[in-house]
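Results of the structural survey
So the chains spell out like this:
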Amino acid sequence: AGDLVEFRGPCGGFEYESNSIKHLSLVASGSGATPCVQIVRGIMADRDDQTSASLLYHADKESDLMFKSELDDYNARDSRFHVYYSVSEGAENWQGGEGHIDKDMISDHLAGPQAQDHKILLCGGPTMIVSVMRSLSLMGYSSEQIFVYGQFGAEQVRAVYGRNAKLSSHRL
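My aim in this report is to walk through the structure given alongside it, one point at a time. These figures come from a predicted structure and were not determined experimentally.

1. Quick look at the pattern of salt bridges
Taken as a whole, this structure holds 6 salt bridges when the rule is applied. Residue Lys61 pairs with Asp64 through a salt bridge whose shortest N-O separation is 3.8 Å. Here Asp78 ties to Arg80 by a salt bridge, and the two come within 2.7 Å at their closest N and O atoms. Classification of Asp78 by relative accessible area gives buried; the value is 4%. Members of the salt-bridge network, linked through shared partners, are Arg47, Asp78 and Arg80.

In structure tokens form, the structure reads like this:
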């Protein structure tokens, strides 16, 4: 009793405002889908929000994909949202991608690097974050288009884009 404990967090928040951007690309792995789903819910709940959103979501297996039925419902009923899943090990009847998120998945399911008014949010483990950022960099996306959730996001961006990389804002 009497011990002091210091808490910090949540770390790495992103503040989304309705209609503040034309297209939002979300890339998540594992439980990193949670903050992405919160943004998708906000967009889907606001009929006046004209933002389109795409989610690339990776998990080890289909049963690990959190919020899948909710995301599938949004995908089926609202043209503003697109979701694409990838798993490490797909069952025989699996309809999504297999393997980690790569350049082909990015180019097939996200707006291109020259798209105007486009932001990319990454949320997941550090290996996925750095791997996806390397692909984004090779494809011509600028560091200012990318926001990484978490307390080490700026360090991860600089690890890929260089220490003088321009960083994205947490606000749109």
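Next, the rest of the story.
2. A short note on the sheet that holds strand E5 (residues 118-123)
Taken in spatial order, the 6 strands make up an open sheet running E4-E3-E2-E1-E5-E6, and their pairing is parallel. Pairing within the sheet leaves two strands with one partner each, and these edge strands are strand E4 (97-98) and strand E6 (146-148). Strand direction decides the pairing type here: E5 and E6, joined by 3 bridges, are parallel. Residue pairing in the sheet places Leu121 in a bridge with Phe147 of E6. Lying on the sheet, helix H2 (residues 68-77) is in contact with strand E2 (52-59) and strand E3 (81-87); it crosses E3 at an angle near 140°. Of the strands in this sheet, strand E1 (23-29), E5 and E6 are in contact with helix H4 (residues 126-138), which crosses E5 at around 155°.

Rules behind the numbers
- Residues numbered from 1 in each chain as written.
- Predicted model: local features only at pLDDT ≥ 70, side-chain atom pairs only at ≥ 80, totals over all residues.
- Heavy atoms only, no water.
- Salt bridge = Lys/Arg side-chain N within 4 Å of Asp/Glu carboxyl O.
- Buried < 20%, exposed > 50% of the residue type's maximum accessible area, 1.4 Å probe, protein only.
- Pairing = 2+ DSSP bridges.
- Helix = DSSP H or I, 4+ residues; strand = E, 2+ residues; numbered from the N terminus.
- Contact = heavy atoms within 4.5 Å.
- Axes fitted to C-alpha atoms, helices over the stretch in contact; angles between N-to-C directions.

None of this, on its own, says anything about what the molecule does.
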